[in-house]
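Now for the letters of each chain:
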Amino acid sequence: AQSVTQLGSHVSVSEGALVLLRCNYSSSVPPYLFWYVQYPNQGLQLLLKYTSAATLVKGINGFEAEFKKSETSFHLTKPSAHMSDAAEYFCAVSVASPGSARQLTFGSGTQLTVLP
Amino acid sequence: DTGVSQDPRHKITKRGQNVTFRCDPISEHNRLYWYRQTLGQGPEFLTYFQNEAQLEKSRLLSDRFSAERPKGSFSTLEIQRTEQGDSAMYLCASSFPDRGNEKLFFGSGTQLSVL
């Protein structure tokens, strides 16, 4: 079975500062990894996904994540935070086929606050 | 593309009552998923349809829960004899696998409160 651990349920950064949201996974087979964002009163939106191609994945809104097998990590970063980045972020893992969103297991989420 | 629509947005019910939620997926999407999200947790998979066929069900989906997608379009999720532990956000998502590249589109959810 696969699982995801997100370190830090709340992260605060100043506007313009680096955003780093941590995600570690556990999987007995090569995983497919995802980051989703949830804005208040909205559904989840896919930011980016890793499907065993390039280990550095670029997503929407300037976010990127790097898959590190040796560390079983898939941390999300953004060089410069914007006020509009304030939201809840979820890391997810799947062991289904790379194109499939089935069997997604989500982490418990990290609430990002951006301070002016 | 009008997005995934869920109704109602909020539902308050008394313990023991039955409730039904509706999800209208994006029109050309043939896959539909139900997830449950409790406070402070990430979404948990409940069940999945491809067209009208229910192909997977999580162990979380007890006998009190039933989901249907009769014509392969909208779906309903019914909870019978609700319990306080059923209080959660129920999320619906839909997708259309495109050459093996599946992307989920989520609705805004139905927030259920069982008193």
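For the structure itself, look to the data block above.
In this report, we go over the structure that sits alongside the text. Values in this document were obtained by computation on a predicted structure and should not be read as measured data.

The rules behind each value
Each residue is numbered by its place in its chain's sequence as written, counting from 1. Whichever chain is written first becomes A and whichever ligand is written first becomes 1, with later ones labelled in order. In keeping with the model being predicted, local features are shown solely for residues with a pLDDT of at least 70 and side-chain atom pairs are shown and tallied solely at 80 or more, while totals for entire chains, interfaces and linings include all residues. Side-chain measures were taken over the full set of non-hydrogen atoms in the model, leaving aside hydrogen atoms and water. Here the rule is simple: two strands pair whenever DSSP picks up at least two bridges between them. Helix numbers and strand numbers start at the N terminus; a helix is a DSSP run of H or I with at least 4 residues, a strand a run of E with at least 2. To obtain an axis, a line is fitted to C-alpha atoms, over the contacting stretch when the element is a helix, and the angle between two such axes runs from 0 to 180 degrees between their N-to-C directions. Throughout this description, the term salt bridge denotes a Lys or Arg side-chain nitrogen within 4 Å of a carboxyl oxygen of Asp or Glu. Only protein chains enter the accessibility calculation, which uses a 1.4 Å probe. A residue is then buried if its area is under 20% of the maximum for its type, exposed if over 50%, and partly exposed in between. We call two residues contacting when some pair of their heavy atoms lies within 4.5 Å. Summed over both partners, buried area is the accessible surface (1.4 Å probe) that two parts give up on being assembled. We call two N or O atoms a polar contact when they sit within 3.5 Å, provided that within protein one can donate a hydrogen and the other can accept it, with sequence-adjacent residues counted only if both atoms are side-chain atoms. Gly is put with the polar residues, along with every residue not named as nonpolar or charged; the nonpolar set is Ala, Val, Leu, Ile, Met, Phe, Trp, Tyr, Cys and Pro, and the charged set is Asp, Glu, Lys and Arg. Throughout, disulfides are identified as pairs of cysteine sulfur atoms within 2.5 Å of each other.

What about the sheet that holds strand S3 (residues 19–24) of chain B?
Residue and element names in this part refer to chain B.
For step 1, the next point in the chain: In spatial order, the strands read S1-S3-S8-S7; together these four strands make up an open sheet with antiparallel pairing. For this open sheet the edge positions go to strand S1 (5–7) and strand S7 (65–68), each flanked by a neighbour on one side alone. In this sheet, adjacent strand axes meet at a mean angle of 15 degrees when their direction is disregarded.
For step 2, the next point in the chain: With three bridges joining them, S1 and S3 adopt antiparallel strand pairing. Bridging across to S3, Asp7 finds its partner in Arg22.

Topic: the pattern of salt bridges
Proximity of charged atoms lets side chains of opposite charge pair with each other.
For step 1, the next point in the chain: All told, the structure shown has five salt bridges over all chains when counted by the stated rule.
For step 2, the next point in the chain: Notably, a salt bridge pairs Asp85 of chain A with Lys78 of chain A, separated by 2.9 Å at the nearest N-O pair. Across the pair, exposure class does not vary: Asp85 of chain A and Lys78 of chain A are buried alike.
For step 3, the next point in the chain: Between Asp86 of chain B and Arg64 of chain B there is a salt bridge whose closest N-O contact spans 2.8 Å. Of the two residues, Asp86 of chain B sits in the loop between strand S8 (75–79) and strand S9 (88–95) while Arg64 of chain B sits in the loop between strand S6 (53–57) and S7, which places them 22 residues apart along the sequence.
For step 4, the next point in the chain: Bridged by salt links that share partners, the residues Arg64, Glu83 and Asp86 of chain B form one connected network.

A word on the interface of chain B and chain A
For step 1, the next point in the chain: Contacts between the two partners involve 21 residues from chain B, matched on the other side by 19 residues from chain A.
For step 2, the next point in the chain: In total, chain B and chain A occlude about 1500 Å² of area from one another, counting both sides; carbon and sulfur atoms represent 51% of this.
For step 3, the next point in the chain: Its largest share of buried area at the contact with chain A, chain B owes to Pro43, Glu102 and Phe106 of chain B, together 28% of the area lost on that side.
For step 4, the next point in the chain: Inspection of the chain B/chain A interface yields zero salt bridges.
For step 5, the next point in the chain: Taken together, the connections running from chain B to chain A amount to two residue pairs in polar contact (both at pLDDT 80 or more).
For step 6, the next point in the chain: Mapped onto the side of chain B that touches chain A, the elements with two or more residues apiece are strand S4 (31–37) and strand S5 (44–50) of chain B.
For step 7, the next point in the chain: Split by residue class, the side of chain B that touches chain A holds eight nonpolar, eight polar and five charged.

Observations regarding the state of the cysteines
For step 1, the next point in the chain: Taken as a whole and assessed by the stated rule, the structure comprises two disulfides over all chains.
For step 2, the next point in the chain: Between the sulfur atoms of Cys23 of chain A and its disulfide mate Cys91 of chain A the distance is 2.0 Å. Residues Cys23 of chain A and Cys91 of chain A are joined through a disulfide that is left-handed, its torsion about the S-S bond being -65 degrees. Of this pair, Cys23 of chain A sits in strand S3 (residues 19–26) while Cys91 of chain A is found in strand S9 (residues 87–94), placing the two residues 68 residues apart along the sequence. The exposure classification of Cys23 of chain A matches that of Cys91 of chain A, with both residues buried.
For step 3, the next point in the chain: Across a sulfur-sulfur distance of 1.9 Å, Cys23 of chain B and Cys92 of chain B are joined as a disulfide pair. Around the S-S axis, the bridge from Cys23 of chain B to Cys92 of chain B shows a dihedral of about -70 degrees and counts as left-handed. Residue Cys23 of chain B is located in strand S3, and its partner Cys92 of chain B is located in strand S9; the two are separated by 69 residues in the primary sequence. We note that Cys23 of chain B, like Cys92 of chain B, is buried.

Purely spatial values, then, with no claim about function.
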